[in-house]
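Structure at a glance
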Amino acid sequence: MTTNADEAPKRVRRRTPAGAAVLREDVTEAIRAAVFEELAAVGYARMSIEGIARRAGVGKTAVYRRWRSKLHLVLDVVSAMAVLGLPVPDTGSLEGDLRLLYEVTSRALRHPVASQIIPDLQAEAARNPEIAEAMQKALRDGQEGVASKILAAAEARGEVRTGVDPDLALDLISGPLYWRSVVIRSPKLPKGYLENLARATAGALKAL
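Treat the numbers as computed from the prediction; the structure is a model and nothing was measured.

1. Things to note about the confidence of the model for the protein chain
Taken as a whole, the protein chain shows an average pLDDT of 83; of its residues, 86% reach a score of 70 or greater. Mean pLDDT values over the elements of the protein chain span from 47, in helix 1 (residues 4-7), up to 96, in helix 10 (residues 193-207). Segment residues 1-21: pLDDT under 50, and three contacts once partners within four positions in sequence are set aside and those in other chains are kept.

As structure tokens, this is what we get:
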């Protein structure tokens, strides 16, 4: 004679997920956000996994399960900046596109977190080739992608000649604003600066 227990379907015991299966995305994003905040607060040299974990509200093991050191964590976060990208302006004119690009970029560079992190990581980049490579990719790729599209649109409209040196064009487009915002670190741009910069840059590109 069988019992109810015998007739009941056997339960399949599921294995508890391990490794990558338990790396919750919300925790990962909280850690990434904490890295930016910690970098802005104390800088790369004084930043620690303990401080990041405390700021993210997680244990140190949650950080170490994703990244094996603070260097790899920072490299990952900085590299992620490259894929965020900037919106490609489409105002119908080279000067208008440059003006809109400068407005968006200027706001991003003046953000309290970015204004602290970028100079600090640039200083570290002078001592650490891995950080230097990640910084170059993060800062260059986003600007290069947008600048090339602005230039292509200007060529299509006949505003600049075909075959302009893309590296020289990128230097002209991105150099002045980064110089003032990142190197000089001017807290406030003069009135009309972005408008004048867009006009001057458009003129320089047309003269190439």
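2. Some details on the pattern of salt bridges
Enumeration according to the criterion identifies 13 salt bridges in this entry. Residues R99 and E103 are paired through a salt bridge, measuring 2.9 Å at the closest nitrogen-oxygen approach. Taken together, the residues span about one helical turn, with R99 and E103 both in helix 6 (residues 94-110) at a distance of four residues. Its relative accessible area of 30% is what places R99 among the partly exposed residues. When the shortest N-O distance is used, the salt bridge between R199 and E195 registers 3.2 Å. Placement of both R199 and E195 in helix 10 is noted, with a separation of four residues, approximately one turn of the helix. Using a relative accessible area of 40% as the deciding quantity, one classes R199 as partly exposed.

3. Description of the layout of surface pockets
Over the atoms, a rolling probe the size of a water molecule traces out where space has been left empty. Taken as a whole, the second largest pocket spans an internal volume of roughly 270 Å³. Lining of the second largest pocket is provided by Q122, M135, Q136, L139, R140, Q143, L170, D171, S174, G175 and Y178. Split into classes, the residues belonging to the lining of the second largest pocket amount to four nonpolar, five polar and two charged.

4. Quick word on the environment of D167
The residue D167 is located in helix 9 (residues 166-183) in this model. The partly exposed category is assigned to D167, whose relative accessible area is 41%. Apart from the residues within four sequence positions on either side, D167 is in contact with R140 and E144.

5. Re empty space enclosed by the protein
With the rule as written, the count across this model stands at one cavity of 30 Å³ or more. Elements with a minimum of two residues in the lining of the largest cavity: helix 7 (112-125) and helix 9. Among the residues making up the lining of the largest cavity, the classes are represented as five nonpolar, two polar and one charged.

6. Digging into the packing of helix 6 against helix 9
Relative to each other, helix 6 and helix 9 sit at 30°, their axes nearing to 11 Å. One way to sum up the angle between helix 6 and helix 9 is to call them roughly parallel. Relative to helix 9, helix 6 is oriented so that their crossing is right-handed. On helix 9, the residues that touch L98, L101, Y102, T105, S106 and L109 of helix 6 are L172, I173, L177, Y178, S181 and V182.

7. Some points on the packing of helix 2 (residues 25-46) against helix 3 (residues 49-56)
Where helix 2 meets helix 3, the closest approach of the two axes is 8 Å, and the angle between their N-to-C directions is 120°. Classified by the angle between their axes, helix 2 and helix 3 sit oblique to one another. In the packing of helix 2 onto helix 3, the handedness of the crossing is right-handed. Residues A30, I31, A34, V35, E37, E38 and A41 of helix 2 lie in contact with helix 3, whose contacting residues are G51, I52, R55 and A56. Here the contact of helix 2 with helix 3 is composed, by residue class, of seven nonpolar, one polar and three charged.

Analysis parameters
- Residues numbered from 1 in each chain as written.
- Predicted model: local features only at pLDDT ≥ 70, side-chain atom pairs only at ≥ 80, totals over all residues.
- Heavy atoms only, no water.
- pLDDT = per-residue confidence, 0-100.
- Helix = DSSP H or I, 4+ residues; strand = E, 2+ residues; numbered from the N terminus.
- Contact = heavy atoms within 4.5 Å.
- Salt bridge = Lys/Arg side-chain N within 4 Å of Asp/Glu carboxyl O.
- Buried < 20%, exposed > 50% of the residue type's maximum accessible area, 1.4 Å probe, protein only.
- 1 Å grid on protein atoms, 1.4 Å probe; cavity = no way out; pocket = protein on both sides within 12 Å on 5 of 7 lines; lining within 4 Å.
- Points joined across faces, edges and corners; volume = space filled by probe spheres on them.
- Nonpolar A, V, L, I, M, F, W, Y, C, P; charged D, E, K, R; others polar.
- Axes fitted to C-alpha atoms, helices over the stretch in contact; angles between N-to-C directions.
- Parallel < 35°, antiparallel > 145°, perpendicular 65-115°, else oblique.
- Left-handed = near helix turned anticlockwise from the far one by under 90°.

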